[in-house]
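# What the coordinates show
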Amino acid sequence: MFVIYSQTLFAQDLTSYKDRKSQVVNSLKDVTLVERGKHGLPKAIARLESDPYDEAALTYITNDLDNRYQSMFDFPGMALALCRYWDSFNEKQLKKIKRDLEKLAKSDKQGGEGFLGHGTENHATMMWSSAYLFGQLFPDARWANGMSSTELMADMKERLRKTFKNVYNHGYAEYLSTTYEVVMNFPVEMLMEYAEDPEVKAIAEAFMLYKWSLLSLNNFEGTILAPYGRMNTQQDHLSDESYISATTYYNWLMWGWGPATGNVKLDQFDDYQEASYTIFAALSGVVPPSVFFRLASNDSAPFELKTSASSFGPFGTGVPHWMMRKVFRNKTYAIGTGNFRWTPGGDYADHDANGFNISYHSPDRFNYINCFHPYWYSDGDEQDRTADTWYKGTNSPFQQTAHSKNTVITLFNIPQKDPWVNTPSETKWAWRDGHADNLIKRGMLRYPKSVDEKVEENGWIFLREGDTYIGIRPLKSYYEQTDLKGKGLDGFNIVKSDHAQTGFVFELGSKSESGTFDKFRRTLNKNRLSIDWKNMRVTYTDSQKEKLQIQYQEGLPIAPENKMPEHLSRKGIKGMAESVPVVKIKNKSELGYRQWPMIESPSINMDNSILKIDDGQTEITVNWQGNIPVITAN
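### A closer look at the overall build of the protein chain
For the protein chain, the helix and strand inventory stands at 17 helices and 30 strands. Here the protein chain has a C-alpha radius of gyration of 24 Å; the compact-globule value for 634 residues is 26 Å, and the two agree. Oriented by its inertia axes, the alpha-carbon framework of the protein chain measures out at about 75 × 55 × 50 Å. Looking at the protein chain residue by residue over its 634 residues, the buried ones come to 64%. When contacts within the protein chain are restricted to residue pairs at least 6 apart in sequence, those whose partners lie at least 24 apart make up 68%. Summed over all atoms, the accessible surface of the protein chain reaches about 23000 Å², with 47% contributed by carbon and sulfur. With 72 positive and 79 negative side-chain charges, the protein chain shows a separation of 5 Å between the mean positions of the two kinds.

Structure below.
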């Protein structure tokens with residue numbers, strides 16, 4: 001099902017996954033081990049790849065858990081170092097590591113952070129995957145919680161099993177996070193590689209087959225297609241700062257960045273802390289099946305994709321259909337859009353989701369467009385939370401979108417007053433309390449300054465990058481700001497339409513589809529557009545003569561759920577607030593959100609806890625309707 005190989009040096013280039021992995025690891029063979037904690041461990045292990053008896057690296061690893069910066073992020077690195085290089089450590093070093101780990105079999109942070117807590121989704125996979133391997137490595141350990149290693153392994157196995165089984169049923173919340181997706185995945189790859197229990201291996205492999213499916217289908221030249229959860233910082237294909245988008249670098253390792261692949265410099269894996277998670281991925285001996293590399297490439301396009309994600313809940317108990325996603329990938333561009341159901345007032349990370357992007361073929365630093373309404377960060381009291389904060393989550397409960405292939409209509413319907421006062425917490429309410437009685441009335445988008453050509457005519461904004469064409473039709477008056485400065489603004493122009501009811505139509509094309517840029521513009525200028533603001537209904541007939549219609553559904557009505565996660569039910573929350581429009585494509589109604597599939601695409605489909613992968617060359621099926629997943633492959 002998967003391949004394990006040792007790390008050796010290959011050709012000195014970055015054109016393939018294997019080359020990129022070896023180059024990253026080799027670049028760190030003489031790295032100086034200075035920083036403590038989560039970002040230093042993968043560098044120490046990379047040194048062991050070059051010299052398994054590197055005394056400085058072994059000493060660094062041995063003492064890692066015995067320092068004031070120790071945290072849960074140390075556990076996967078410790079597990080990997082021990083699993084791979086057990087024979088490199090001397091008896092004294094192993095005894096010290098064992099003593100330090102024994103004390104951390106707990107869920108609190110007193111006297112060191114333990115590995116038995118839960119936290120967020122990525123926290124859970126890091127701790128539990130590592131803890132399982134600690135039990136396997138030290139069968140006679142005397143764990144602080146009183147468990148034997150056999151009991152510890154059984155506990156961790158059950159936590160992972162029930163959580164990942166729930167994920168197979170309805171998804172997860174840190175969905176394709178530009179920061180946390182890689183953090184969630186690499187510890188599970190370690191289980192695939194080193195767990196001895198075949199059922200644990202199957203649990204880990206099933207999880208990663210699902211994750212590789214999402215990553216490959218939602219990749220466009222290294223850019224993760226929206227919507228996705230927990231956008232702590234923007235995607236960037238020419239980083240010049242230390243806080244980078246961690247999963248974007250993971251995508252670079254896996255799939256490359258198309259014409260921007262060469263933008264990554266190997267010293268960034270030493271200089272940029274957030275790149276450390278990609279070092280772990282480069283160290284992994286697990287190679288995804290070849291089908292995912294084929295699907296991640298532009299050669300697999302064009303195709304449409306629907307997927308669904310859940311809200312957050314401990315052990316994967318979130319509410320299904322939090323995020324209903326739709327993606328269209330073509331050879332020179334891709335579009336990712338979606339609609340949301342909201343925890344009333346927002347959950348801990350709802351504000352950090354990104355609901356919309358358009359990506360296109362380009363060697364430039366930025367190759368995408370975003371579009372949203374400034375709701376969560378409207379006040380600007382904090383430097384990183386302002387109405388013009390684009391590099392963190394960009395979504396709003398007052399935006400709804402219709403999407404068919406290369407055409408999108410997105411609408412905004414912004415009330416006067418905030419319906420969710422004093423939520424979700426005092427700190428986060430402070431980001432927007434100044435607008436409690438006067439929400440910002442604005443729909444806006446940003447596009448890179450680096451586009452090759454821009455034309456404004458007849459109410460349309462036309463952009464061209466190489467052979468890709470983008471038409472943008474603001475539905476009400478707008479203005480453009482080209483001189484805003486700061487993170488998320490540098491390198492972009494901002495288009496704003498300051499109305500309570502407004503929106504945009506987007507249609508994309510290419511030279512092969514539309515002919516010349518002039519012809520593309522002439523065609524769009526002739527396309528029929530009907531706007532009914534009274535009923536919040538917009539209809540657009542695109543260049544293929546296909547009609548797309550959206551009717552905005554206002555009010556954020558609460559849809560009761562049979563079961564809510566415990567942390568929400570304690571607050572009296574009994575359902576999800578709907579912000580889902582009525583959409584018709586070629587006069588046919590779109591699926592209702594409760595029928596939205598986990599994955600629906602030409603090559604990968606998933607529903608009812610069954611994942612089917614078939615691209616004509618590879619067939620893999622995962623059936624997780626029972627307790628343990630059953631995986632079959634051709």
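Let's pick the thread back up.
### Here we look at the packing of aromatic side chains
Using the criterion set out here, one finds 40 aromatic pairs in the structure. Residues F504 and F506 carry aromatic rings whose centres are separated by 6.2 Å and whose planes lie at 45 degrees to one another, so their mutual orientation is tilted. Grouping residues by exposure puts F504 and F506 together as buried. By the ring-pair criterion, three or more aromatic residues cluster together here, those being W322, F340, W342, Y375, W376, F398 and W420. Above the face of the F492 ring, R446 is positioned so that its terminal group lies 4.0 Å from the ring centre. Above the ring of W533, the side-chain terminus of K476 is found at 4.6 Å from the ring centroid.

### Here's the deal with the packing of helix α10 (residues 246-255) against helix α12 (residues 276-283)
One can describe the packing of α10 onto α12 by two numbers: an axis separation of 8 Å at closest approach and a directional angle of 30 degrees. Relative to α12, α10 is oriented roughly parallel. Crossing handedness for the pair α10 and α12: right-handed. From α10, A246, Y249, Y250 and L253 reach across to α12, where they touch Y277, T278, A281 and A282.

### Let's talk about a negative patch on the surface
On the surface, a cluster of negative charge is contributed by D381, E382, D384 and D433. What makes E382 partly exposed here is its relative accessible area of 38%.

### A closer look at the environment of S107
Turning to its location among the elements, S107 is positioned in the loop between α5 (91-103) and α6 (121-137). Since its relative accessible area comes to 56%, S107 is described here as exposed. Residues S107 and D607, 500 residues apart in the sequence, show an inter-C-alpha distance of 34 Å.

### Let's talk about helix α8 (residues 181-194)
Given a rise of 1.5 Å per residue, 14 residues ought to cover 20 Å, and the 21 Å separating the end C-alpha atoms of α8 matches this to within 8%. In terms of burial, α8 is largely enclosed, as 14 of its 14 residues are buried.

### As for the nonpolar core
Formed by 187 residues in total, the largest nonpolar core has its most connected members in I61, F115, Y210 and L611. A per-element tally of this core places helix α9 (residues 198-217) first, with 12 residues. Once you skip the residues sitting within four places of it in the chain, L611 turns out to touch Y168, L209, Y210, S213, I599, I604, N605, M606, I620, T621 and V622. One finds F366, Y368, L489 and F492 within the second-largest nonpolar core, a separate group that totals nine residues.

### Observations concerning the pattern of salt bridges
If charged atoms from side chains of opposite charge come close, those side chains can pair. Summed over the entire model, instances satisfying the criterion amount to 36 salt bridges. D388 is the partner of K496 in a salt bridge, and the nearest nitrogen-oxygen pair spans 3.1 Å. Taken together, the residues span a long stretch of sequence, with K496 in strand β17 (residues 492-497) and D388 in the loop between β9 (368-372) and β10 (399-404) at a distance of 108 residues. Across the pair, exposure class does not vary: K496 and D388 are buried alike. We note a salt bridge from D498 to R442, for which the minimum N-O separation is 2.7 Å. Remark: R442 occurs in the loop between α14 (426-429) and β12 (443-448) and D498 occurs in the loop between β17 and β18 (501-510); sequence separation between them is 56 residues. The class for D498 is partly exposed, based on a relative accessible area of 34%.

Reading guide: rules and limits
- Residues numbered from 1 in each chain as written.
- Predicted model: local features only at pLDDT ≥ 70, side-chain atom pairs only at ≥ 80, totals over all residues.
- Heavy atoms only, no water.
- Helix = DSSP H or I, 4+ residues; strand = E, 2+ residues; numbered from the N terminus.
- Rg over C-alpha atoms; globule rule 2.2 N^0.38 Å.
- Buried < 20%, exposed > 50% of the residue type's maximum accessible area, 1.4 Å probe, protein only.
- Contact = heavy atoms within 4.5 Å.
- Areas by Shrake-Rupley, 256 points an atom, 1.4 Å probe, with all protein chains shown as cover.
- Lys, Arg positive; Asp, Glu negative; His and termini not counted.
- Charge placed at Lys NZ, Arg CZ, Asp CG, Glu CD.
- Phe/Tyr/Trp six-rings, centres within 6.5 Å; stacked < 30°, edge-to-face > 60°.
- Lys NZ or Arg CZ within 6 Å of the ring centre and 35° of its normal.
- Axes fitted to C-alpha atoms, helices over the stretch in contact; angles between N-to-C directions.
- Parallel < 35°, antiparallel > 145°, perpendicular 65-115°, else oblique.
- Left-handed = near helix turned anticlockwise from the far one by under 90°.
- Patch = residues over 30% accessible without salt bridge, like charges linked within 9 Å, V, L, I, M, F, W, Y side chains within 5 Å.
- Salt bridge = Lys/Arg side-chain N within 4 Å of Asp/Glu carboxyl O.
- Expected span 1.5 Å × (residues − 1).
- Core = buried A, V, L, I, M, F, W, Y, C linked by side-chain atoms within 4.5 Å.

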